Amino acid sequence: MSLSPVSAPAVTILAIESSCDDTAAAVVRDGTVLSNCVANQEIHRLYGGVVPEVASRAHQTNIVPVVAAALGQAGLTPADVTAVAFTQGPGLIGSLLVGNAFAKGFALAHDLPLITVDHMEAHVLAHFAEDPKPAFPFLCLTVSGGHTQIVLVRDYLDMEVIGYTLDDAAGEAFDKAGKMLGLDYPAGPLIDRLARTGTPRFELPEPAVPGLNFSFSGLKTAVLYFLRDQKAQNPNFVAENLSDICASLQTTIVTILLKKLRKAVRQTGIREVAVAGGVSANSGLREALRTWGEKEGWNTYIPAFQYCTDNAGMIGVAAHYRYLAGQFTGYEAMPYARR
Ligand code: KG4
Ligand code: ZN
């Protein structure tokens, strides 16, 4: 008589991300992303930045259809879900509250356990959504619209921030400089596109910040004065040199980031080097990580585009490791704006 193998029941997580202006839902089964849906809120372009009240109202409109799409694309129903995960913070409180309340309601209605996820940890764990995966310990440069960090990742749930920005984030530097150039919000992807046809011939300052920390507010001010002085001589300066200005700005930001990353590698001796977060979608940063990595002898890891900018797939992957560790939360969990 042969016995059929007993397989463990699948862990199927419905994950929700609503920390800023993207409403996202995903289904992750046993650590594999089955669906990853995002509704972007185009409305903020009108205002040149995210308007928190507008964002939370749009999350309310989007959340039910986005969750339905995520379950539908995975070919599942609520009865197949074993746990519900949501981003607890950091982010905009009003935006986080929508995902938080929806997740709790869904969990209550279907009698499911809840898992809270930190948004920045999830950006790091986005690396485990697909191959190749970094080996522990690794360094992760996590660059988004609100954060710039070098994270020492010892294990899925054991991370230490060893460098951070003292003021603006790298994504903010892209977006604010872009605003000065008259570009729509978010300017990061537009600068990336324009930089491809430009030459980085304008010199912008790199800040002298000790240790592994960053600062981008000086660069923002330098761009402001540079544009003011150039426009005083030629009112059409921006229009005539847009691609070159974007290439110069992008090269400066990427160089600042990579020099600190190289310093972190030299200090820690860790040669597994990853990037994550919205700014890791930047083609200049992706290319520079590869070339610096080859020169310095690093193994480099860059997530697929869909796992760089805000998404719920990364929340589900992070939640999967919390599920395995038995880290569940009660209905009293409240969102936090900052760590
Ligand atoms: O991680 P993310 O989607 O949201 C936050 O957690 O903040 O990051 C958004 C940031 C924005 O500042 C956006 O301009 C920037 O990522 N970004 C880029 C690119 N794509 C997104 N910056 C430069 N180049 C890109 N291709
Ligand atoms: Zn993010």
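Everything below is about the structure shown above.
Here's what I pulled together on the structure shown here. (Residues numbered from 1 in each chain as written. Chains lettered and ligands numbered in written order. Predicted model: local features only at pLDDT ≥ 70, side-chain atom pairs only at ≥ 80, totals over all residues. Heavy atoms only, no water.)

## Regarding the overall build of the protein
Per the secondary structure count, the protein includes 9 helices and 10 strands. Here the C-alpha radius of gyration of the protein, 21 Å, is about what a compact globule of 339 residues would show, namely 20 Å. Principal axes of the C-alpha set define a box for the protein whose edges measure 85 × 45 × 30 Å. Put simply, the protein has 339 residues, and 53% of those count as buried. A total accessible area of about 15000 Å² is found for the protein, and carbon and sulfur atoms account for 53% of it. (Helix = DSSP H or I, 4+ residues; strand = E, 2+ residues; numbered from the N terminus. Rg over C-alpha atoms; globule rule 2.2 N^0.38 Å. Buried < 20%, exposed > 50% of the residue type's maximum accessible area, 1.4 Å probe, protein only. Areas by Shrake-Rupley, 256 points an atom, 1.4 Å probe, with all protein chains shown as cover.)

## Description of the nonpolar core
Residues L141, F216, I253, L257 and L258 are the most contacted members of the largest nonpolar core, which totals 46 residues. If you list the elements that add at least two residues to this core, you get β6 (138-143), β7 (148-155), α4 (170-180), α5 (187-195), α6 (217-233), α7 (237-268), β9 (272-276) and α8 (283-296). Broken down by element, this core gets its largest block of residues, 14 residues, from α7. Setting aside chain neighbours within four positions, we find L257 in contact with L141, V143, T148, A170, F214, F216 and L285. Counting residues in each nonpolar core, the second largest holds 32 residues, with V11, A122, F138 and A319 among its members. (Core = buried A, V, L, I, M, F, W, Y, C linked by side-chain atoms within 4.5 Å. Contact = heavy atoms within 4.5 Å.)

## Considering the sheet that holds β7
Overall, mixed pairing links the 5 strands, which are arranged β8-β7-β6-β9-β10 in an open sheet. Here the strands that pair on one side only, and so sit at the sheet edges, are β8 (158-164) and β10 (299-301). The sheet shows a mean angle of 25° between the axes of neighbouring strands, direction not considered. Inspection of the sheet shows β7 paired to β8 by 6 bridges, in the antiparallel sense. By the bridge assignment for β8, V153 is matched with M159. Packed on one face of the sheet, α8 meets β6, β9 and β10 and runs near 165° to β10. (Pairing = 2+ DSSP bridges. Axes fitted to C-alpha atoms, helices over the stretch in contact; angles between N-to-C directions.)

## Some thoughts on the coordination of the zinc ion (ligand 2)
Distances from the zinc ion (ligand 2) to its protein donors, H119 (NE2), H123 (NE2) and D310 (OD), fall within 2.0 to 2.1 Å. Expressed as a motif, the donor residue spacing for the zinc ion (ligand 2) is H-x3-H-x186-D. Placement of H123 in helix α3 (residues 119-125) and of D310 in the loop between β10 and α9 (313-324) is noted, with a sequence separation of 187 residues between them. Assessed through its relative accessible area of 0%, H123 is described here as buried. Given the relative accessible area of 17%, D310 is considered buried. (Donors = N, O, S within 2.8 Å, 3.2 Å for Na, K, Ca; no water.)

Interpretation in functional terms is not warranted from these geometric data alone.
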